[in-house]
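# Results of the structural survey
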Amino acid sequence: CVNSYGREEGGRSQKAKVKRQKGKDYGRLASHVLPFYCLLFAWEAGMAKGKLKTAVIGTGMGRYHMEGYATHPKSELYAVCDLNRDEAAQFAAKYGAKHVFTDYRELLAREEIDVVSIATPNYLHAPMTIAALQAGKHVLCEKPMAIKPEDAEAMARAAKKAKRRLGVNVVLRF
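Residues numbered from 1 in each chain as written. Predicted model: local features only at pLDDT ≥ 70, side-chain atom pairs only at ≥ 80, totals over all residues. Heavy atoms only, no water.

### What to know about the packing of helix H3 (residues 62–71) against helix H4 (residues 85–95)
Note the threshold: Axes here mean lines fitted to C-alpha atoms, for a helix over just the part in contact, with angles spanning 0 to 180 degrees between N-to-C directions. Helix and strand assignments follow DSSP, with helices taken as H or I runs no shorter than four residues and strands as E runs no shorter than two, numbered in order from the N terminus. Roughly parallel here means an angle under 35 degrees, roughly antiparallel means over 145, roughly perpendicular means 65 to 115, and every remaining angle is called oblique. By definition, turning the near helix anticlockwise from the far helix through less than a right angle yields a left-handed crossing, and turning it clockwise yields a right-handed one. Any two residues whose heavy atoms approach within 4.5 Å at even a single point are treated as in contact.
The interhelical angle for the contact between H3 and H4, taken along N-to-C directions, is 25°, at an axis separation of 10 Å. Taken as axis vectors, H3 and H4 run roughly parallel relative to one another. Remark: the crossing between H3 and H4 carries right-handed chirality. Judged by residue contacts, Arg63, Met66, Glu67 and Ala70 of H3 engage Glu87, Phe91 and Tyr95 from H4.

Take a look at the structure:
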């Protein structure tokens, strides 16, 4: 169990745990921590009824988000999006997602999706995050939040205006 400070119950840091266990990598660890925070954001926003439908945009770092969402008891990995349709379909099959997209705008148009992870190249974080928030989704964005400070500020304004949660993955920053 991970508390709100990214530490295991008992006070050991996640990073320390990884160092003790050979063969474990940071991405695999993040796959369990990231969805916890994103789902926590959504639950705090009053969406705790049933499983949350999640989607991941980007299959690079996004594969770790997929694993976490697919294994979390309060979420359902609903959709995967990537420009490489074959790769998106492979990950969707591996983690049980029902839908595959190559255009993130089509994914965002699906009303049933509650939470979206943005795991794309850095220059796409701001426009995709803002679009997801405007579509009424809660968002977990990979780090860095944005390329320019004004883009990060625009993302924060979009979250406030949409009354949605925006989380940025900085869980393994040291």
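### A few points about the pattern of salt bridges
Quick reminder of the rule: Salt-bridge detection follows one rule: a side-chain nitrogen of Lys or Arg within 4 Å of a carboxyl oxygen of Asp or Glu. Remark: exposure states derive from per-residue accessible area (1.4 Å probe, protein chains only) relative to the maximum for the residue type, with buried under 20%, exposed over 50%, and partly exposed in between.
Inspection of every chain in the model, using the stated rule, returns three salt bridges. With a shortest N-O distance of 3.3 Å, Arg105 and Asp103 are connected by a salt bridge. Arg105 sits in the exposed class, given a relative accessible area of 53%. Put simply, Glu112 and Arg110 hold a salt bridge, and the shortest N to O gap is 3.0 Å. Among the residues examined, Glu112 registers a relative accessible area of 30% and is labelled partly exposed. A relative accessible area of 26% means that Arg110 is categorised as partly exposed.

### With respect to the sheet that holds strand S1 (residues 52–57)
To keep things clear, this is the line we draw: When DSSP finds two or more bridges between two strands, those strands count as paired.
Read across the sheet, six strands follow the order S3-S2-S1-S4-S5-S6 without closing on themselves; strand pairing throughout is parallel. The sheet is open, and its two edges are formed by strand S3 (99–101) and strand S6 (166–169), each paired on a single side. With direction set aside, neighbouring strand axes in the sheet form an average angle of 25°. With three bridges joining them, strand S2 (residues 75–81) and S3 adopt parallel strand pairing. Bridged to Cys81 within S3 is Phe101. Packing against the sheet, H4 makes contact with S2 and S3, and its axis sits at approximately 160° to S3.

### With respect to the nonpolar core
Defined as follows: The nonpolar core is taken to be a set of buried Ala, Val, Leu, Ile, Met, Phe, Trp, Tyr and Cys residues, with the residues joined through side-chain atoms within 4.5 Å.
Counting 24 residues, the largest nonpolar core has Ile57, Ala79, Leu107, Ile113, Val116 and Ile118 as the members making the most contacts within it. Those elements that provide at least two residues to this core are S1, S2, helix H5 (104–108), strand S4 (115–118), helix H6 (125–134), strand S5 (138–142) and helix H7 (149–162). If one sorts the elements of this core by residue count, H6 sits on top with five residues. Discounting chain neighbours no more than four positions away, the residues touching Leu107 are Ala55, Ile57, Ala79, Cys81, Phe101, Ile113 and Val116. One finds Leu52, Tyr69, Ala88 and Val115 within the second-largest nonpolar core, a separate group that totals 13 residues.

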